[in-house]
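# Overview (structure and organization)
What follows is each chain in one-letter form.
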Amino acid sequence: MKIYKAKDYNDMSRKAANIVSAQIIMKPNCVLGLATGSSPIGTYEQLVQWYEKGDLDFSEVTSVNLDEYKGLTEENDQSYRYFMEKYLFSKVNINKDQTFLPNGMAEDEQKECEKYDALIHSLGGIDLQLLGIGHNGHIGFNEPDQAFEKQTHCVALQESTIQANKRFFSSIDEVPKYAYTMGIKTIMQSKKILVIVSGEEKAEIVKKAFFGPVTPSVPASILQMHNDVILVGDEAALSKIDI
Ligand code: F6R
């Protein structure tokens, strides 16, 4: 694993955007695995700036997102599709037909999961997967559990995740209780994984995930078994590890 220490959130975002942009330049028709949440916003903003300067071309890129809330339409401003449109898709020349997220409104949960896995498979897998980490060690919405869930599945979100997400909703009752997420196997099959972490409140989980035992009770710990992981964290998030 390579670890890059950034000064702060902006520096982390620039470093992460450099890695994503290198991927796009090296392989213009790459498959990017994308994430939502606070961690990647700065990275997307930086990528948009470089696109606007004419330094980046998304026209051949395909994207697959990690997850989507169940029960929210694409137009709902809390859906992950909406987030991606807002921060990235509407601002760069990516082909909208080549941007994929699980369909939160799918009628048949099981079929939707199988469809998403088949899609990723048909694309030849993910070249670069961008990941944030939840306070409880979740990646995507793979929550702490007794075993690693392999494939795309629908999960009941843990109370701590619902609490962490409530800042985006007007009341806790509106926070969806279920979400679709790529499974651990799909994430681990990505050729390269870029993890971004910022803030002191992530310091403990960074230590556990990357230097503690590999266990499904800390889903991100499985990343220790991947042979091409880059961790970009700011000083606060990396403050509990020796590097
Ligand atoms: C988002 C996702 C989540 C977040 C994680 C960290 O698509 O899959 O696993 O990456 O909850 O969220 P932030 O970045 O808001 O701290």
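This text goes with the structure placed above it.
Summary of the structure given here. (Residues numbered from 1 in each chain as written. Predicted model: local features only at pLDDT ≥ 70, side-chain atom pairs only at ≥ 80, totals over all residues. Heavy atoms only, no water.)

This next bit is on the sheet that holds strand β2 (residues 31–34). A sheet is described by the order of its strands in space; here 7 strands give the open sequence β1-β10-β9-β6-β2-β3-β5, paired in parallel fashion. Two strands in the sheet have a free side with no partner beyond their single neighbour: β1 (2–6) and β5 (99–100). In this sheet, strand β6 (residues 128–131) lies alongside β2 in parallel orientation, the contact comprising 2 bridges. Looking at the pairing, G33 lines up with Q129 of β6. (Pairing = 2+ DSSP bridges. Helix = DSSP H or I, 4+ residues; strand = E, 2+ residues; numbered from the N terminus.)

To continue, consider the nonpolar core. Formed by 42 residues in total, the largest nonpolar core has its most connected members in Y44 and L194. Of all the secondary-structure elements, those providing two or more residues to this core are α1 (9–26), β2, α2 (41–53), α3 (80–87), β6, β9 (192–197) and β10 (229–234). In terms of residues, this core owes the most to one element, α1, which gives 6 residues. The contacts of Y44, once residues within four sequence positions are left out, are L34, A35, F83, M84, Y87, L88 and L130. Core analysis: the next-biggest nonpolar cluster, separate from the first, contains 31 residues, A35, M182, I193 and I205 among them. (Core = buried A, V, L, I, M, F, W, Y, C linked by side-chain atoms within 4.5 Å. Buried < 20%, exposed > 50% of the residue type's maximum accessible area, 1.4 Å probe, protein only. Contact = heavy atoms within 4.5 Å.)

To continue, consider the environment of E109. Checked against the element boundaries, E109 lands in helix α4 (residues 109–122). On the basis of relative accessibility, which here comes to 34%, the residue E109 falls in the partly exposed class. As for E109 and K177, which are separated by 68 residues in sequence, their C-alpha atoms are 14 Å apart. Once you skip the residues sitting within four places of it in the chain, E109 turns out to touch K70, C154 and Y180. In terms of polar contacts, E109 uses its side chain to reach the side chain of K70, at 2.8 Å. (Polar contact = N/O pair within 3.5 Å; in protein donor to acceptor, adjacent residues only side chain to side chain.)

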